[in-house]
Structure formats: C-alpha cells, structure tokens
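# Survey of secondary and tertiary structure
Here is how the chains run, residue by residue.
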Amino acid sequence: MDNIVPLLYLSILLLSLLLLSFFIGRQIIERKQIEDNLSVLQNKIRKNEANGEDYYELGSIYLSKKLFDQAILQFRYALQIWKNEDFEGISNLYNTIGFTYAQTEQYELAIYYYKEALKNDDNYTVALNNLGYAYEKEKMINEALGTYIKVIEIEKNNETALSRIQILKRRIPKSG
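Predicted, not measured: the structure shown is a model, and the values here were computed from it.

What follows concerns the pattern of salt bridges. This structure, assessed with the given rule, holds seven salt bridges. Across the pair K32 and D36 runs a salt bridge whose closest N-O atoms are separated by 2.9 Å. You can see K32 and its partner D36 sitting in helix α1 (residues 4-46), four residues apart, about one turn around the helix. In this structure, the salt-bridge partner of E35 is K65, at a minimum N-O distance of 2.4 Å. Residue E35 is found in helix α1, and its partner K65 is found in the loop between α2 (52-64) and α3 (68-81); the two are separated by 30 residues along the sequence.

Right, here's the structure in full:
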C-alpha cells in the first residue's frame, strides 16, 4: 500500500510531461510549417512568380506575426494584381486590409477599406460587423448601430450584431 502513492505521483507526472511535450511539439511543427511557407512565398515573389493569392497569403502570415506594416504592403500588392471578376476575393481582401488597419487603431482607414469590401458584396456580414466596430471606436454610435441593424436584416441570429445593438442602445441618450 505504501508503494502506490509514489507510483501514482510518478504516473501523473509522466502523463503531464507527455501532454506538455505533445502540445509543445505541435506548436513547433506548426511554426516550422509557417516559416517554410513564408520562405516559399518570399522566393516566389523574388522570382516574380507570385499571384494575388500568394501576396494575400504572405500578408496573412505577417498579420499573424503582428507585422502590420508588412502585411498591409503585401495586401496592397495582392489588390493590384487580383482578378477583377473575383468579387468575393476582392471583398475579402479589402476586409482584411481594413482589419489590419483596425489592429493598428487606424480606424478611419479601416472604415474606408470595409466600405470598399461592401461595394463588391453589400451582404458581407463580417465586413459589416467590422465596420460597426470601427464606427464604435470612432465614437460614431448612430452609424455603428445602423450597421449592426443591417447585419441583423441579413443574418437574423448574428450574435455579434445582436450583442452590440443591445450595448449601443444603452449608450444612446433617450430624447424626451
């Protein structure tokens, strides 16, 4: 009976170390894949073999690394050579640029790019929610509320828009 306590302790310790090793190993493998992908994309760009999707992917990698200036630069390159007939792709690209500007707290630029995304797809609820958020940050509460209401008209159960509408209605002073 005395030998079971140390055995149980060692078993739990070993299991914990194995789980920790697994998660750390997985993170290392994911980082390695990202770095390999980054290297491949940079080589394609150096050789002038990159297309709009490559620039977008490179920008996304920079965005995930919080290298916002480099991300925006790559997204703008992608925008210059993106296929004009790919309205969904262009909308997504504009939204991503807006999101990147929002991450750097440049909400005026973010608003511009979200609106550009909506020119190609006025039912793009992600861009609408992002636009509402940028309006909130710029203290444009009525515009934010109107934007979130438009989201609800498109997607009745959009949790983000529903919660933001409730919060914003409490912030708007009641007249009369």
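Let us now look at unusual backbone geometry. One non-glycine residue with positive phi stands out, namely N48, at about 60 degrees. Judged by its relative accessible area of 70%, N48 is exposed.

A separate point is the packing of aromatic side chains. In the structure shown here, the tally under the stated rule is eight aromatic pairs. Taking 5.4 Å as the distance between ring centres and 70 degrees as the angle between the ring planes, the aromatic pair formed by F22 and F23 counts as edge-to-face. F22 gets classed as partly exposed once you look at its relative accessible area, which sits at 47%. Ring centres 5.5 Å apart and planes at 45 degrees place the aromatic pair Y56 and F75 in the tilted group. In this pair, Y56 sits in helix α2 while F75 sits in helix α3, placing the two residues 19 residues apart along the sequence. Here a set of aromatic residues connected by ring pairs shows up, and it is made of Y94, Y101, Y112 and Y113.

About the criteria used
- Residues numbered from 1 in each chain as written.
- Predicted model: local features only at pLDDT ≥ 70, side-chain atom pairs only at ≥ 80, totals over all residues.
- Heavy atoms only, no water.
- Salt bridge = Lys/Arg side-chain N within 4 Å of Asp/Glu carboxyl O.
- Helix = DSSP H or I, 4+ residues; strand = E, 2+ residues; numbered from the N terminus.
- Buried < 20%, exposed > 50% of the residue type's maximum accessible area, 1.4 Å probe, protein only.
- Phe/Tyr/Trp six-rings, centres within 6.5 Å; stacked < 30°, edge-to-face > 60°.

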